[in-house]
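# Notes for the structure review
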Amino acid sequence: MELVDLRRISEFFPTAGYQFQLDPSYEPERHNSKPGEPSEVPAPDPSKNAIFAILQKYNHVGLLVPEGAPHMWHAAMQSKIVRLTALGEHYRRLAAKGLI
């Protein structure tokens with residue numbers, strides 16, 4: 001993970017215990033619709049896709065977990081929240097103080 005991405009943790013999680021709300025527009029890939037078929041799922045949003053990529057990096061190193069979903073993809077597609085782990089909260093505090 002890039003240090004610049006780690007420093008953004010306090011941007012995405014501004015306070016202790018903050019829960020980041022996902023929705024399907026964060027996920028760039030669609031596995032549940034057929035080409036040419038109308039979908040009730042919103043189209044991917046490139047700016048949200050970039051944020052989601054960083055959140056996935058946090059998840060891969062144990063800083064963040066999805067709530068009520070087995071994986072990040074499911075959390076986005078089911079509009080679930082993600083939260084920081086204890087380690088993630090530690091890095092959030094460091095980033096908020098400008099120590100990383």
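Residues numbered from 1 in each chain as written. Predicted model: local features only at pLDDT ≥ 70, side-chain atom pairs only at ≥ 80, totals over all residues. Heavy atoms only, no water.

### Observations concerning the overall build of the chain
Note the cut-off: The helix count covers DSSP runs of H or I at least four residues long, the strand count covers runs of E at least two residues long, and both are numbered beginning at the N terminus. Each residue is placed in one exposure class: buried if its accessible area under a 1.4 Å probe, protein chains only, is under 20% of its type's maximum, exposed if it is over 50%, and partly exposed if it falls in between. Computed by Shrake-Rupley with a 1.4 Å probe, the accessible areas treat only the displayed protein chains as cover when residues are assessed. Residues scored as charged are limited to Lys and Arg (positive) and Asp and Glu (negative), so that His and the chain ends carry no count. Think of each charge as sitting on NZ of Lys, CZ of Arg, CG of Asp or CD of Glu.
Along its length, the chain carries five helices and three strands. Element order for the chain, N to C, with α for helix and β for strand: α-α-β-α-β-α-β-α. Along the longest, intermediate and shortest principal axes, the C-alpha atoms of the chain span 50 × 25 × 20 Å. Here the chain, with 100 residues, has 34% of them falling under the buried criterion. With an accessible surface of roughly 5900 Å², the chain has 53% of that area assigned to carbon and sulfur atoms. Looking at the chain, you have 11 positive and 11 negative side-chain charges, and the mean spots of the two groups are 8 Å apart.

### Points about the sheet that holds strand E2 (residues 64–66)
The following threshold applies: Think of it this way: DSSP has to see at least two bridges between two strands before they count as a pair. Axis lines are fitted through C-alpha atoms, for helices just across the contact stretch, and the angle between N-to-C directions can take any value from 0 to 180 degrees. Working rule for contacts: check all heavy atoms of both residues, and any pair within 4.5 Å makes them a contact.
Judged by pairing direction, the sheet is antiparallel, and its three strands sit side by side in the order E1-E3-E2 without closing on themselves. Across the chains shown, the open sheet's two edge strands, defined by having one partner strand only, are strand E1 (19–21) and E2. Going across the sheet, the axis of each strand differs from the next one's by a mean of 30 degrees, ignoring polarity. Here three bridges tie E1 to strand E3 (residues 81–84), and the two strands are oriented antiparallel to one another. By the bridge assignment for E3, Gln19 is matched with Arg83. In the packing of helix H3 (residues 46–60) onto the sheet, contacts are made with E1 and E2, and the angle to E2 comes to roughly 105 degrees.

### A closer look at unusual backbone geometry
Positive phi is not limited to glycine here, since Ser79 has a value of about 55 degrees. On the secondary structure map, Ser79 appears in the loop between helix H4 (72–77) and E3. Exposure remark for Ser79: the relative accessible area of 34% places this residue in the partly exposed category.

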